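Survey of secondary and tertiary structure
Residues per chain, in single letters:
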Amino acid sequence: MNIKEIISKMTLEDKISLCTGADFWRTKDMEQYGISSIKVSDGPHGLRCQTGEADMIGINQSIPATCFPTAVTAGATWNRDLYYREGEAIGREAAALGVSVVLGPGCNIKRNPLGGRNFEYISEDPYVAGKMAASFINGVQSVGVGTSLKHFAVNSQEYKRMNGDSRLDERAYREIYLAPFEIAVKEGRPTTVMCSYNKINGTHASDSKELLTDILRDEWGFDGLVMTDWGALNDRMAAFEAGCDLNMPGGSDYMNKAALEAVKNGQLDEKLIDTAVERILRLIEHSAKIEKCKVDFDSHHSLAKKIATEGAVLLKNDDNILPLSDSDFVLIGSMAKNIRYQGSGSSHITPTKLSSICDSMPSIPFCDVGNEVGEVSAEEIGQAVSLAKDKKTAVLVIGLPDSYESEAFDREHMRMPDGYIALVNAVSEVNLNTVVVLLGGSVMELPFADKVKTILYMGLPGQAGGEAVADILLGRANPSGKLTESWPVSYDDVISRDNFSVRDPEYREGIYVGYRYYDKAGKAVRYPFGHGLSYTQFEYSDLRVEGREVTVTVKNTGARDGAEVVQLYVAPKTSGIFRPEREICGFEKLALVAGESREVSFVLDDRSFAVWSNGWKIPEGDYVIELGSSSRDIRLCESIFVSGEEVKSDCPDTWYHTLRGTPTREEWEKLMGHSVPVSREPKRGEFTMDNSCLEMKKYSLMMKIQYLVTKSIISKGIDGKKDMSNPTYKMMITSAVDCPMRSAVINSGGMMSESLARGMVLMANGKFFKGIAAMMKK
Ligand code: BGC
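Everything in this summary refers to the structure shown in the same document. (Residues numbered from 1 in each chain as written. Predicted model: local features only at pLDDT ≥ 70, side-chain atom pairs only at ≥ 80, totals over all residues. Heavy atoms only, no water.)

**Looking at the nonpolar core**
To keep things clear, this is the line we draw: Throughout this description, the term nonpolar core refers to a set of buried Ala, Val, Leu, Ile, Met, Phe, Trp, Tyr and Cys residues connected via side-chain atoms within 4.5 Å. Partly exposed residues are those whose accessible area sits between 20% and 50% of the maximum for their type, while under 20% is buried and over 50% is exposed, using a 1.4 Å probe and protein chains only. Comment: elements are numbered from the N terminus, with helices defined as DSSP H or I runs of at least four residues and strands as E runs of at least two. By the convention used here, residues are in contact when the closest approach between their heavy atoms is within 4.5 Å.
Of all hydrophobic cores here, the largest spans 229 residues; its most connected members are Trp230, Ile332, Leu438 and Leu446. Top element by residues in this core is helix H5 (residues 126-141). It accounts for eight residues. Those residues in contact with leucine 438 that sit more than four places away from it in its chain are Leu315, Ile398, Met416, Met444, Leu446, Ile455, Leu456, Tyr457, Met458, Gly459 and Trp487.

What follows is the structure, encoded as structure tokens:
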């Protein structure tokens with residue numbers, strides 16, 4: 001394929017047209033130029049390849065594929081090799097179905113436990129998220145299939161995800177929110193990057209040249225294609241200028257005419273369009289080389305089980321209740337039968353098979369109590385108690401119901417259903433050996449933590465999750481997962497609580513996300529970042545720091561084989577610029593048979609010590625190299641001096657140095673370096689294509705009608721029920737009525753026309769006749 005020659009033959013119209021997809025999952029083919037279309041499919045923990053009706057929120061059928069554990073569980077393995085193998089397996093399944101690009105991995109930071117898509121993301125820490133994402137990318141791409149690293153960037157909440165403005169300071173941006181993408185881009189070299197829906201400090205990601213060209217391409221060396229998230233395009237001309245190449249999904253050709261006019265009248269440089277076309281053609285050329293391969297679904301199922309097993313986090317295990325030494329126990333809770341193994345939304349996979357916990361332990365008595373929203377009646381609690389009291393051990397399977405977490409909406413609170421809490425309280429009263437198995441994609445408050453002996457957190461463990469639970473309970477496998485996010489005691493302890501899930505979130509906590517906050521503020525947590533127990537024990541010895549090389553010996557001192565995630569933190573003792581207590585700069589998972597000891601080495605780089613201050617700078621001074629088993633279980637340390645430069649104190653005398661209380665708006669504005677207008681709802685006269693039907697309905701009869709019609713059409717598809725506790729309904733409603741008009745045009749594949757949408761916006765602004773005229777425009 002001679003790309004330059006093809007471009008030289010293409011008309012301007014066709015070039016612009018190629019930069020919008022053909023339909024939901026395909027790019028356009030243009031036979032006249034020998035351009036064939038390619039297909040992309042959702043991931044990231046399996047393939048959501050649709051051949052029938054398409055959608056972006058996982059409601060229509062997709063071809064069965066291996067449903068691997070979601071990122072919360074895969075991340076908790078801390079096993080790069082395993083995540084690479086997951087990527088490779090997904091890549092094979094993609095290649096077999098002719099899919100050229102898997103839409104993942106997701107690399108956004110878990111800023112707050114209530115993020116609706118936290119289950120799809122890897123960590124609260126940029127280093128861990130970036131390293132794991134890079135491994136996944138390398139795995140998928142090893143079979144020739146491409147990836148789309150998403151959602152770039154600062155897209156850590158679902159509320160107003162399509163038009164909210166993430167407002168943050170430069171250090172938080174660079175050190176926390178961009179850093180995982182930077183690592184994944186540099187070490188994974190993804191074929192594509194997906195830009196996010198939201199604005200960042202007032203500019204949509206798809207319009208941001210700073211983000212998509214200056215940082216992504218010029219600084220990090222990315223040489224692939226940028227596509228939009230589905231419906232994320234804000235302004236086609238700005239997007240071309242920014243380096244946003246492909247508008248997805250296709251069908252609408254939104255703003256293509258305007259782009260054509262802009263080139264013709266000299267406002268937009270045609271070269272920018274040529275560059276976008278070239279990147280699309282390069283991806284097509286690359287895709288043509290993908291070889292179809294055979295898929296061994298059984299071995300992928302076994303791999304999914306291995307990942308679920310290694311990602312299981314044993315949060316506590318008093319008196320070594322686990323592993324169970326006999327079968328004198330009962331399984332309690334409907335989730336043991338209807339296991340929650342994945343989340344809702346665009347990542348929803350149709351599994352090739354599914355094993356529940358009950359299926360995996362058929363001879364164990366099962367007490368089926370609790371419904372799908374976690375309600376447990378008094379009678380059911382009575383049943384559970386009477387069964388549990390005569391058994392040596394009671395195993396409760398509980399967690400977050402489907403309706404609690406999903407793409408498209410954030411969680412309302414950090415609690416589990418009251419019914420489950422009552423169940424645990426009652427059972428643990430009569431059975432002193434109560435084990436809780438937790439299923440759910442994100443952090444939960446655990447008011448019963450001190451009442452039960454054991455808690456095993458499985459995350460959302462994928463299609464083989466039931467088998468993994470059985471193996472761990474019965475001692476056929478030894479858990480080795482570690483938390484990639486801190487578990488606070490209660491939501492009140494979360495520093496971003498007042499600035500999360502609001503229209504234009506102010507990232508007032510700056511760089512203090514997760515353990516960076518808890519450790520420096522000295523706040524108690526339920527379970528710290530990096531925590532996870534094993535059925536065996538590990539001893540650390542012989543720490544040596546020679547220049548930038550750090551070596552430590554780890555020994556399995558117990559009687560069982562197991563694996564330890566050795567974590568290396570750097571704790572700066574420098575003065576001047578504010579810094580967290582410690583930051584993770586290395587990790588390695590070591591599988592050690594009983595009695596075995598092994599040496600592990602890490603090499604620190606400049607970034608292990610650097611801060612962002614108009615560029616990466618190393619503050620000169622003392623640093624402590626800490627080796628440990630969690631951020632709060634440091635086993636060995638050694639102090640070193642690192643030469644660098646003096647980096648002046650920023651925001652002196654503010655919260656950022658003391659972490660006492662919460663940062664005020666004034667302090668945050670100091671950090672931002674300028675004043676920031678207070679966010680407010682838009683009103684009549686101000687509406688643009690960036691506003692949603694929900695935002696405008698108060699001012700416009702037409703929007704109100706559209707709102708009601710949409711609601712009733714959606715509910716008709718779901719047994720006529722307008723039930724907000726149904727995650728599918730809630731997700732569909734939010735996605736349909738609170739999506740900006742521009743996204744409605746794009747995501748409807750043009751069924752809602754651009755002129756109709758523009759007319760409706762004019763009407764909502766009180767310009768009725770202008771609106772009618774706009775609607776009539778071709
Ligand atoms: C999601 C993406 C997904 C896309 C296509 C969007 O709503 O944010 O993660 O890849 O839909 O389904």
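**Things to note about the state of the cysteines**
Here is the rule we go by: By disulfide we mean two sulfur atoms from cysteines, separated by a distance within 2.5 Å.
Tallying each qualifying case throughout the model produces zero disulfides. Left without a disulfide partner, cysteine 585 is nearest to the cysteine sulfur of cysteine 637, which lies 15 Å away. The buried category is assigned to cysteine 585, whose relative accessible area is 12%.

**Overview of the site of the ligand**
Heads up, the rule is: Nearness of a residue to a molecule or strand requires only that one of the residue's heavy atoms be within 4 Å of it. Under the rule applied, a polar contact is a pair of N or O atoms within 3.5 Å (in protein, one hydrogen donor and one hydrogen acceptor; residues adjacent in sequence only if both atoms are side-chain atoms). To be clear on the numbers: accessible area is Shrake-Rupley with a 1.4 Å probe, and residue cover counts the displayed protein chains and nothing else. Amino acids outside the nonpolar list (Ala, Val, Leu, Ile, Met, Phe, Trp, Tyr, Cys, Pro) and the charged list (Asp, Glu, Lys, Arg) are all regarded as polar, and Gly is one of them.
Lining the immediate environment of the ligand, one finds 15 residues, of which Asp42, Arg117, His151, Tyr197 and Asp229 sit closest. Here an oxygen atom of the ligand and a side-chain polar atom of arginine 161 are 3.2 Å apart. The contact in question runs from an oxygen atom of the ligand to an N or O atom on the side chain of tyrosine 197, over 2.9 Å. The protein chains hide 100% of the 310 Å² of surface that the ligand would expose on its own. Across the shell around the ligand, the residue classes break down as six nonpolar, two polar and seven charged.

**Remarks on the packing of aromatic side chains**
In plain terms, the rule: Ring pairs are drawn from Phe, Tyr and Trp, using the six-membered ring of Trp, whenever the two centres fall within 6.5 Å, and their geometry is named by plane angle: stacked under 30 degrees, edge-to-face over 60, tilted for the rest.
One pass over the structure, following the stated rule, counts 22 aromatic pairs. Where tyrosine 177 meets tyrosine 507, the ring centres are 5.1 Å apart and the plane angle is 80 degrees; that geometry is what we call edge-to-face. Residue tyrosine 177 is located in helix H6 (residues 170-177), and its partner tyrosine 507 is located in the loop between strand E15 (487-488) and helix H17 (515-521); the two are separated by 330 residues in the primary sequence. Considered together, tyrosine 177 and tyrosine 507 belong to a single accessibility category, that of buried residues. With a centroid separation of 6.3 Å and 20 degrees between ring planes, the pair formed by tyrosine 517 and tryptophan 655 is classed as stacked.

**Thoughts on the side chain of aspartate 504**
Among the secondary structure elements, aspartate 504 is positioned in the loop between E15 and H17. In this structure aspartate 504 comes out as buried when scored by relative accessible area, which is 10%. Among residues more than four places away in sequence, those in contact with aspartate 504 are Asn163, Gly164, Asp165, Arg167 and Ser679.

**Some details on the sheet that holds strand E7 (residues 203-204)**
The criterion, for reference: A pair of strands is considered paired only if DSSP assigns at least 2 bridges between the two.
The strand order across the open sheet formed by three strands is E4-E6-E7, and the pairing between neighbours is mixed. The open sheet has two edge strands, strand E4 (165-166) and E7, and neither has a second partner.

**Brief notes about the packing of helix H4 (residues 80-96) against H5**
Condition: An axis is simply a line fitted to the C-alpha atoms; with a helix, the fit covers only the stretch in contact. Between two such axes, the angle follows the N-to-C directions and lies from 0 to 180 degrees. Take the far helix as the reference: if the near one is turned anticlockwise from it by less than a right angle, the crossing is left-handed, and if turned clockwise, right-handed.
Taken N-terminus to C-terminus, the directions of H4 and H5 make an angle of 35 degrees; their axes are 6 Å apart at the nearest point. Seen from above, H4 lies across H5 with right-handed handedness. Two secondary-structure elements touch here, H4 through Arg80, Tyr83, Tyr84, Glu86, Gly87, Glu88, Ile90 and Gly91 and H5 through Lys131, Met132, Ser135, Phe136, Asn138, Gly139 and Val140. Classifying every residue of the contact of H4 with H5 gives six nonpolar, five polar and four charged.

**Concerning the pairing of strand E9 (residues 313-317)**
Of all the five residues making up E9, five are buried; the element is thus mostly covered by neighbouring parts of the structure. Pairing analysis gives four bridges linking E9 to strand E14 (residues 454-457), with the strands arranged antiparallel. Each bridged residue has a counterpart across the sheet, and for lysine 316 the counterpart in E14 is isoleucine 455.

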